[in-house]
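Analysis of the macromolecular model
Residues per chain are reported as follows:
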Amino acid sequence: MTPSAPFSATLDALDAVVLRSRERSDRSGFFAALYRGVTREVAARAAAGQFEHAARMERFVAEFAERYLAAHRAWCAGHPTSAAWAVAFASARRWRPVLLQHLVVGINAHINLDLGITAVELGGEGGLEELADDFRTVNEVLGSLVDRSQEAVNRVSPWFGLADRFGARGDEELIRFSLRHAREQAWRFAQRLAELPAVQRPAEIDRVDRAVAGIAERVLHPGVRLSVPLFVVRLREPWRVDPVLDALSA
């Protein structure tokens, strides 16, 4: 089934990020490759009538994705972006973070920050509660990030289990912890934001942005105990971006 125009435009934009990543050996495209699969799943559910308001959800998904795409464009052009995305994109310029860390900091920025803002901006005349059911449906689809991330990590990070032996939660558990709390936090953030006068919202967004950036820093720097095992894990991951992008896009 061919996706509708808003979904097709979003998928094309994500494809462009992945292509740029291939051409420049840039790890910032890892999240886009993963995100593309999730976007296709949302498009399929919309076409199957699984959303209460399919047209509004198409706009929701397009605007949600655009927050990531706009942040990526700004970063590529050397312009400022949110603190959460700045941390995520900066990590792409470093060799050391393992694949899972790259994926989690992207998930963290997009859901903990972008999702709540998008929900408030697109709330109809009835307010945020109009979006509640469709928001939860999108959250269910976002949950598939866990399985997709797990499969990709298994394909290209064969020694990640070493980190678990040295005190990590394990790759799937780390993602589940991050995503579960992110999805819950996103709705609470949206509710707080919706209750504020428009003039006060930028300060709240900035506060949450800084908190989300702090989470990303902890993901990227989990402590001395994991430093050596994660370094060993990274040694076994592909040094070229193509195999990783292929796994994430599968």
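For the structure, see preceding data.
Notes on the structure in this doc start here.

Here the focus is the overall build of the protein chain. Across its full length, the protein chain holds 12 helices and 0 strands. Counting from the amino terminus, the protein chain carries its helices and strands in the arrangement α-α-α-α-α-α-α-α-α-α-α-α. Out of the 250 residues belonging to the protein chain, those deemed buried represent 50%. The long-range fraction of contacts in the protein chain, counting pairs at least 24 apart against all pairs at least 6 apart in sequence, stands at 79%. For the protein chain, the exposed surface amounts to about 11600 Å²; the carbon and sulfur share of it is 52%.

Further remarks concern the environment of R73. By the secondary structure assignment, R73 is in helix α3 (residues 54-76). Note: C-alpha distance between R73 and V17 (56 residues apart in sequence) is 9.1 Å.

Considering all chains together, one arrives at 13 salt bridges under this definition. One salt bridge in this structure joins D15 and R36, with 2.4 Å as the shortest N-O distance. With D15 in helix α1 (residues 5-24) and R36 in helix α2 (residues 29-47), this residue pair connects regions lying 21 residues apart in the sequence. The class for D15 is partly exposed, based on a relative accessible area of 31%. Residue R36 is classed as partly exposed on the basis of its relative accessible area, which comes to 22%. Across the pair R20 and D26 runs a salt bridge whose closest N-O atoms are separated by 2.6 Å. One network of salt bridges, with partners in common, ties together R22, R240, D242 and D246.

Moving on: the environment of R201. By secondary structure assignment, the location of R201 is in helix α10 (residues 201-220). In the structure, R201 is positioned 84 residues away from I117 in sequence and 9.6 Å away in space, judged by C-alpha atoms. Once residues lying within four places of it in the same chain are set aside, the contact partners of R201 are V120, L193, A194 and L196. Within polar-contact distance, the side chain of R201 engages the backbone oxygen of L193 at 3.0 Å.

Moving on, we come to the environment of L19. Structurally, L19 is set in helix α1. Judged by its relative accessible area of 45%, L19 falls in the partly exposed class.

Bringing a nonpolar patch on the surface into the picture now. Taken together, the side chains of F231, L235 and W239 present a nonpolar region at the surface, about 340 Å² in accessible area. Tracing the backbone through its elements, the reader meets L235 in helix α11 (residues 224-236). The exposure class of L235 is partly exposed, given its relative accessible area of 41%.

It is worth spelling out unusual backbone geometry at this point. Notably, S25 is not glycine yet its phi reads approximately 50°, a positive angle. Inspection of the secondary structure assignment puts S25 in the loop between α1 and α2. Overall, the relative accessible area of 56% leaves S25 in the exposed class.

For the rest of this paragraph, the subject is the packing of α1 against α3. Relative orientation of the contacting elements α1 and α3 amounts to 25°, with a least axis distance of 9 Å. Looking at the two axes, α1 sits roughly parallel to α3. Pair α1 / α3 crosses with left-handed handedness. In this structure, α1 uses P6, F7, T10, A13, L14, V17 and R20 to contact α3, whose residues at the interface are E58, V61, A62, A65, Y68, L69, H72 and C76. A per-class count over the contact of α1 with α3 returns 11 nonpolar, 2 polar and 2 charged.

A word on the nonpolar core. What tends to happen in soluble globular proteins is that the nonpolar side chains get buried as a cluster. Counting residues in each nonpolar core, the largest one holds 74 residues, and the members touching the most others are F30, F60, Y68, W85, L99, L115 and L248. In this structure L115 touches F60, F64, H110, F135, N139, L142 and A186, once residues within four positions along its chain are discounted.

The rules behind the values
- Residues numbered from 1 in each chain as written.
- Predicted model: local features only at pLDDT ≥ 70, side-chain atom pairs only at ≥ 80, totals over all residues.
- Heavy atoms only, no water.
- Helix = DSSP H or I, 4+ residues; strand = E, 2+ residues; numbered from the N terminus.
- Buried < 20%, exposed > 50% of the residue type's maximum accessible area, 1.4 Å probe, protein only.
- Contact = heavy atoms within 4.5 Å.
- Areas by Shrake-Rupley, 256 points an atom, 1.4 Å probe, with all protein chains shown as cover.
- Salt bridge = Lys/Arg side-chain N within 4 Å of Asp/Glu carboxyl O.
- Polar contact = N/O pair within 3.5 Å; in protein donor to acceptor, adjacent residues only side chain to side chain.
- Patch = residues over 30% accessible without salt bridge, like charges linked within 9 Å, V, L, I, M, F, W, Y side chains within 5 Å.
- Axes fitted to C-alpha atoms, helices over the stretch in contact; angles between N-to-C directions.
- Parallel < 35°, antiparallel > 145°, perpendicular 65-115°, else oblique.
- Left-handed = near helix turned anticlockwise from the far one by under 90°.
- Nonpolar A, V, L, I, M, F, W, Y, C, P; charged D, E, K, R; others polar.
- Core = buried A, V, L, I, M, F, W, Y, C linked by side-chain atoms within 4.5 Å.

Note that every value here comes from positions in space, so none of it alone points to a role or purpose.
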